Amino acid sequence: MDSSSQTHFLISLLIFKNTLNRELIRSLHVYRCDDGKEREVEREFVFSINGTYMEMDNAMCNPLFLGLKTSDVFHSQGCFVNGLWVCIFAFHAHHPHFPYLTSIPSLLKPSKNPKLRSIPSLANDLQAIFQMRCMATTAKDDNDKEKSNENENKPLKRKSYFVLDQDLNCLPYPDTPSESSDDQQIDQSSSGVMEEDNKKKKRAASKDIARLALSDLAKYFDLPIVEASRNLKVGLTVLKKKCREFGIPRWPHRKIKSLDSLIRDLQEENRWQQANKDAAEAVAKRKEMLKNEKESIEKTPFLDMKTETKRFRQDVFKRRHKDRVLKNQQALSISPN
């Protein structure tokens, strides 16, 4: 599928990451050949953490994304998921600076990830995209400079001034107390609005956003994503984009909150099971398992809760429901008719 004697030009590139196996990467390349026809090539790579990167044999890989349009990925507003695969980078020659998924992750930058040299079929296309963007940015800067030079060369318009209809031999009319107080209120209100605007505009710098690591995000996994974005001083869209770069399809706040609730229930149950040693040991063992599962989710947030934990949570919900029904029945039986 890759062997072709004629030259080709890269039109679009989509790169997907497997949420179950983080070492698996898929890419969809679209080339335009000399004869004007477009050719699609789908590749699969193994980004080994401890070893070198390698490209899988195309005969062994079933195509998953052939025929997928780049516009469909762009219109998903940076959240395109196909089964276990999530899109981490998208490029199209006609939209080199589209607002979603166009920033190259550090994993795909040859300057920051030397292992990419072992898979030239992907590294060469990424290098070509980088060069195209540099050329587009340079052309844009040149246009901006030309426009600024044209504005400087334009003749300045002569300013016209107001002539006040006032006798300069007389003092101007003094401000009344009400007018001066109104002016003070306007000044105070405008200064208050400016302070609020300055508070709202305090966001993290682009360098700080680029340095955000998974450990920085993990500190706020126990909070809703809106509160986490406020504490990190980044926008909600930026935080979601960072999550996709780290392979987090969904913010793990609910999973961690659910595990914390189960751990608290076991702590209360442990108080009542002190007399029965076997039951107390079972509760302590379950509690330790839940704590370990919580730690593993905080380290790898894309993991789902274990089936055993889901069953235990369902049993806890049923038990709570039965307790509420019994309390309501007892309250109805005690209340006078």
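Look above for the structure.
This section reports on the structure supplied with the text. (Residues numbered from 1 in each chain as written. Predicted model: local features only at pLDDT ≥ 70, side-chain atom pairs only at ≥ 80, totals over all residues. Heavy atoms only, no water.)

## Brief notes about the overall build of the protein chain
Of the regular secondary structure elements, the protein chain holds 10 helices and 6 strands. Taken over 337 residues, the protein chain has a buried fraction of 29%. A separation threshold of at least 6 residues defines the contact pool for the protein chain, and within that pool the share at least 24 residues apart is 57%. In the structure as shown, the protein chain presents an accessible area of about 24,000 Å², 52% of it carried by carbon and sulfur atoms. (Helix = DSSP H or I, 4+ residues; strand = E, 2+ residues; numbered from the N terminus. Buried < 20%, exposed > 50% of the residue type's maximum accessible area, 1.4 Å probe, protein only. Contact = heavy atoms within 4.5 Å. Areas by Shrake-Rupley, 256 points an atom, 1.4 Å probe, with all protein chains shown as cover.)

## Looking at the sheet that holds strand 6 (residues 85-92)
Read across the open sheet, the 6 strands follow the order 4-3-2-1-6-5; overall the sheet is antiparallel. The strands lining the two open edges of the sheet, one partner per strand, are strand 4 (54-55) and strand 5 (81-82). (Pairing = 2+ DSSP bridges.)

## Some thoughts on unusual backbone geometry
Trans is the common state for peptide bonds, and a negative phi is the common state for residues other than glycine. Within the chain, Lys233 stands out as a residue other than glycine whose phi angle is a positive 60 degrees. With respect to the secondary-structure elements, Lys233 resides in the loop between helix 6 (225-232) and helix 7 (236-245). Taking relative accessible area as the criterion, Lys233 reaches 52% and is therefore assigned exposed.

## Overview of the environment of His94
Along the polypeptide, His94 turns up in the loop between strand 6 and helix 2 (120-153). Once the C-alpha coordinates of His94 and Ile11 are considered, the two residues, 83 residues apart in sequence, prove to be 8.1 Å apart.

## Observations concerning the packing of helix 6 against helix 7
At a closest axis distance of 9 Å, the pairing of helix 6 and helix 7 adopts a crossing angle of 100 degrees. On the basis of their axis angle, the class for helix 6 and helix 7 is roughly perpendicular. Residues Ile225, Val226, Ala228, Ser229 and Leu232 of helix 6 touch helix 7, and the partners they reach there are Leu236, Leu239 and Lys240. In the contact of helix 6 with helix 7, the residues fall into 6 nonpolar, 1 polar and 1 charged. (Axes fitted to C-alpha atoms, helices over the stretch in contact; angles between N-to-C directions. Parallel < 35°, antiparallel > 145°, perpendicular 65-115°, else oblique. Nonpolar A, V, L, I, M, F, W, Y, C, P; charged D, E, K, R; others polar.)

## Let's talk about the pairing of strand 6
Both faces of the sheet carry side chains from a regular strand, because those side chains alternate between them. The buried fraction of strand 6 is high, at 8 of 8 residues. Sheet analysis places strand 1 (residues 8-18) next to strand 6, joined by 7 bridges and oriented antiparallel. Its bridge partner lying in strand 6, Asn18 is registered against Trp85. Across 2 bridges, strand 5 lies against strand 6 in antiparallel orientation. Directly across from Val81, in strand 6, lies its bridge partner Val86. Hairpin connection, strand 5 to strand 6: the antiparallel pair is bridged by 2 residues, and Gly83 has positive phi, about 65 degrees.

## Looking at helix 9 (residues 277-299)
The terminal C-alpha atoms of helix 9 lie 33 Å apart, and with 23 residues this matches the ideal 33 Å at 1.5 Å per residue to within 8%. Inspection of helix 9 places Ala279, Ala280, Val283, Leu290, Glu293 and Ile297 among the buried residues, and these make up the whole buried set. (Expected span 1.5 Å × (residues − 1).)

## Focus: the packing of aromatic side chains
Taken as a whole and judged by the stated rule, the model has 4 aromatic pairs. Residues Phe16 and Phe65 carry aromatic rings whose centres are separated by 3.9 Å and whose planes lie at 5 degrees to one another, so their mutual orientation is stacked. You can see Phe16 sitting in strand 1 and its partner Phe65 sitting in the loop between strand 4 and helix 1 (70-75), a full 49 residues away along the chain. The two residues Phe16 and Phe65 agree in class, both being buried. Ring geometry for Phe65 against Trp85: centres 6.3 Å apart, planes inclined by 90 degrees, an arrangement best described as edge-to-face. Taken together, the residues span a long stretch of sequence, with Phe65 in the loop between strand 4 and helix 1 and Trp85 in strand 6 at a distance of 20 residues. The same class applies to Phe65 as to Trp85, namely buried. (Phe/Tyr/Trp six-rings, centres within 6.5 Å; stacked < 30°, edge-to-face > 60°.)

## So, a positive patch on the surface
A contiguous patch of positive charge, built from Arg250, Arg254, Lys257 and Arg264, is present on the exposed surface. Assignment of secondary structure puts Arg254 in helix 8 (residues 253-272). (Patch = residues over 30% accessible without salt bridge, like charges linked within 9 Å, V, L, I, M, F, W, Y side chains within 5 Å. Salt bridge = Lys/Arg side-chain N within 4 Å of Asp/Glu carboxyl O. Lys, Arg positive; Asp, Glu negative; His and termini not counted. Charge placed at Lys NZ, Arg CZ, Asp CG, Glu CD.)

## Side note on the side chain of Ser258
Summarising the element assignment, Ser258 is placed in helix 8. With relative accessibility at 15%, the residue Ser258 sits in the buried group. Ser258 has contacts with Met305 and Arg313, leaving out every residue within four places of it along the chain.

## Re the side chain of Asp125
Following the sequence through the fold, Asp125 ends up in helix 2. We note that Asp125 is buried and unpaired, the nearest opposite charge coming from Arg43 at a distance of 4.3 Å.

## Some details on the nonpolar core
Counting residues in hydrophobic clusters, the biggest one holds 24 residues, and the most contacted among them are Leu217, Leu239, Trp251 and Leu290. Each of domain 2 (206-246) and domain 3 (252-333) gives at least three residues to this core. Setting aside its immediate chain neighbours within four residues, Trp251 contacts Leu217, Tyr220, Phe221, Leu223, Pro224, Ile225, Ala228, Leu239 and Cys243. Counting 20 residues, the second largest nonpolar core, distinct from the first, contains Leu13, Ile15, Tyr53 and Phe91. (Core = buried A, V, L, I, M, F, W, Y, C linked by side-chain atoms within 4.5 Å. Domains from an automatic or database assignment.)

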